[in-house]
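Per-entry structural report
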Amino acid sequence: MHETAQPSWDDRYREAQQIWSGKVNAVLADVGSRLTPGTALDLGSGEGADVIWLAEHGWHVTGVDISSVAVSRAVQAARSMNIPAELARFTVADLAQWNNEQTYDLVVSSFLHSQGDFDRPGILRAAINYVADGGHLLVVSHATFPPWSQAHRDPETAEHHHDATTPESELELLQLDPSSWNVEIAVFRSREATGPAGEVATLQDTVVLARKTPS
Ligand SMILES: C[S@@+](CC[C@H](N)C(=O)[O-])C[C@H]1O[C@@H](n2cnc3c(N)ncnc32)[C@H](O)[C@@H]1O
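Report on the accompanying structure. None of the values given here were measured: they were computed from a predicted structure. Along each chain, residue indices are assigned from 1 in the same order as the chain's sequence is written. This being a predicted model, a pLDDT of at least 70 is required before a residue's local features are given, and a value of 80 or more before pairs of side-chain atoms are given or counted; all residues contribute to the totals for chains, interfaces and linings. The side-chain values count all of the structure's non-hydrogen atoms but skip hydrogen atoms and water molecules.

1. Quick notes on the overall build of the chain
Formally: Helix numbering and strand numbering both begin at the N terminus, where a helix is a DSSP run of H or I of at least 4 residues and a strand a DSSP run of E of at least 2. Both definitions apply: the radius of gyration is a C-alpha atom measure, and the globule rule equals 2.2 Å times residues to the power 0.38.
Summing up its helical and strand segments, the chain has six helices and seven strands in all. Starting at the N terminus and ending at the C terminus, the chain contains elements arranged as α-α-β-α-β-α-β-β-α-β-α-β-β. By the compact-globule yardstick of 17 Å for 215 residues, the chain fits well, its C-alpha radius of gyration being 16 Å. Dimensions of the chain along its principal axes, counting C-alpha atoms only, are 50 × 40 × 35 Å.

2. Let's talk about the pairing of strand β3 (residues 88-92)
Selection criterion: We treat two strands as partners when DSSP finds at least two bridges between them.
As defined by bridge partners, strand β2 (residues 60-65) adjoins β3 across five bridges and the pair is classed as parallel. Paired with valine 64 across the bridge in β3 is threonine 91.

3. Observations concerning the side chain of serine 114
Here is the rule we go by: Exposure is judged per residue with a 1.4 Å probe applied to protein chains only, and the accessible area is read against the type maximum: over 50% gives exposed, under 20% gives buried, and values in between give partly exposed. Whenever a nitrogen or oxygen atom comes within 3.5 Å of another N or O atom, the pair is scored as a polar contact, on the condition that within protein one atom can donate a hydrogen and the other can accept it, and that pairs from neighbouring residues in sequence are kept only if both atoms are in side chains.
Along the polypeptide, serine 114 turns up in the loop between β4 (104-110) and α5 (120-128). Serine 114 sits in the buried class, given a relative accessible area of 9%. Engagement of the side chain of serine 114 in a polar contact is seen with the side chain of tryptophan 9, the distance being 2.8 Å.

4. Here we look at the nonpolar core
Put simply, the test is: Within this scheme, the nonpolar core is defined by two criteria: the residues are buried Ala, Val, Leu, Ile, Met, Phe, Trp, Tyr or Cys, and they are joined through side-chain atoms within 4.5 Å. Contact between two residues is taken to exist if any of their heavy atoms lie within 4.5 Å; hydrogens are not considered.
Within the largest apolar cluster, 26 residues are counted, with the highest numbers of intra-cluster contacts made by Leu54, Leu106 and Leu138. Broken down by secondary-structure element, the contributors of at least two residues to this core are α2 (26-32), α3 (49-56), α4 (68-80), β3, β4, β5 (131-142) and β7 (200-212). A per-element tally of this core places α3 first, with five residues. Residue contacts for leucine 54: discarding those within four places in its chain leaves Leu28, Ala40, Trp59, Val61, Leu106 and Val108. One finds Leu43, Ile123, Leu124 and Tyr130 within the second-largest nonpolar core, a separate group that totals 23 residues.

All quantities given are derived from atomic positions and should not be read as evidence of function.
Printed below as a string of structure tokens:
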């Protein structure tokens, strides 16, 4: 079903020694610093910057990614920053088929977009069940795309391979039950980003933060 996903992400990671900035996503730094540290799960953790930031701020974090190349870079990055292995764990898994029974105080999805046969709605709806009572779900996604990014485009048509999100579309996708969830944030947020050739653009992200009712 997702047989083509892993080679394509591994291939993409192998194109360069590092493909992301190595810095925590700004929304996570902002939101995460206002939450009480506990256990956290990062969906599509890439090269590990968000996991490392959370671990540095007192969280016990698990990062999951389909790419073994990304996961080995993330492990290496955490090790080089002397993050204890029990604070920052990384797993290679396809989230569309991940068999997880644990719950976490914070579940993060930062830019979990992908080309091909990628069931983002199914993955995010499954992730709702990974949030502990009283815990938070943070979903950050592209409301606009970096103009320099080819990764979002179909190589044949040059069309974006997934739709830009809005706070409304993300809430519709998540289908949070209002009897057990409180949506704390659902907004667009702007950020300055720098492309590989040094070009600067203002990008819009969609940010949704929801809290599961404490038991
Ligand atoms: C756009 S990157 C975002 C990486 C990281 N969260 C960040 O913000 O820098 C998307 C990540 O999702 C991972 N991914 C894509 N499909 C996946 C799947 N089915 N299961 C797990 N990870 C997946 C990719 O390998 C990639 O690392």
